[in-house]
Amino acid sequence: QVQLVESGGGLVQPGGSLRLSCAASGSIFSTNRMGWYRQAPGKQRELVAEFTSAGSTNYADSVKGRFTISRDNARIAVYLQMISLKPEDTAVYYCHAVSYGYATYWGQGTQVTVSS
């Protein structure tokens, strides 16, 4: 059993910052890919940022220059530093991981609301 546990969401004013954290626990010792998706009301879930299987990073165009993804050396925790937040960043943010056996895991989601 593998669990992804997210934390760090909340309410922030436009222009503010938040840092999301995600840690994997259970029968997983490393990940092939790991990152963040988000889903706004009435919209499809979309990739925000991820570490690819090659170890490089991939960002959605809408967050480039504002969001930074990082991870731990064991590749079982991932973080998302978000700055210059905009109302359109409001969404539920989900942690996503793919194991070396190509099993896919999702966190329960953490709400990020950007509003004055």
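Details of the structure are given in the entry above.
Rules behind the numbers
Residues numbered from 1 in each chain as written. Predicted model: local features only at pLDDT ≥ 70, side-chain atom pairs only at ≥ 80, totals over all residues. Heavy atoms only, no water. Phe/Tyr/Trp six-rings, centres within 6.5 Å; stacked < 30°, edge-to-face > 60°. Helix = DSSP H or I, 4+ residues; strand = E, 2+ residues; numbered from the N terminus. Buried < 20%, exposed > 50% of the residue type's maximum accessible area, 1.4 Å probe, protein only. Lys NZ or Arg CZ within 6 Å of the ring centre and 35° of its normal. Pairing = 2+ DSSP bridges. Disulfide = S-S within 2.5 Å.

Q: Please explain the packing of aromatic side chains as it appears in this structure.
A: In this description, a pair of aromatic rings is defined by centroid distance and the angle of the planes. Under the definition given, this model contains one aromatic pair. Judged by centre distance (5.1 Å) and plane angle (70 degrees), the rings of Tyr37 and Trp106 are edge-to-face. Linking Tyr37 in strand β4 (residues 33–39) with Trp106 in strand β10 (residues 104–106), this pair joins segments that are 69 residues apart in sequence. On the basis of relative accessible area, Tyr37 is assigned to the buried category, the value being 17%. When the ring centre of Tyr94 is taken as origin, the NZ or CZ atom of Arg45, which lies over that ring, is 3.7 Å away.

Q: Can you help me understand the pairing of strand β7 (residues 67–71) in this one?
A: Consecutive residues of a regular strand have side chains that alternate between opposite faces of the sheet. Examined bridge by bridge, β7 and strand β8 (residues 77–82) share five bridges and lie antiparallel to one another. Residue Thr68 lies in a different strand from β8, and its bridge partner there is Gln81. Between β7 and β8, which pair antiparallel in sequence order, lie five residues; one of them, Arg75, sits at a positive phi of approximately 60 degrees.

Q: Can you help me understand the state of the cysteines in this one?
A: Every disulfide links exactly two cysteines, by a covalent bond between their sulfur atoms. Across all of its chains, the model carries one disulfide by this definition. Between Cys22 and Cys95 runs a disulfide, and the two sulfur atoms are separated by 2.0 Å. The sign of the S-S torsion, about -85 degrees, decides the handedness of the disulfide formed by Cys22 and Cys95: left-handed. Taken together, the positions of Cys22 in strand β3 (residues 18–26) and Cys95 in strand β9 (residues 91–98) put the pair 73 residues apart, joining distant regions of the chain. Cys95 shares its class with Cys22; the two are buried.

In short, geometric facts, not functional conclusions.
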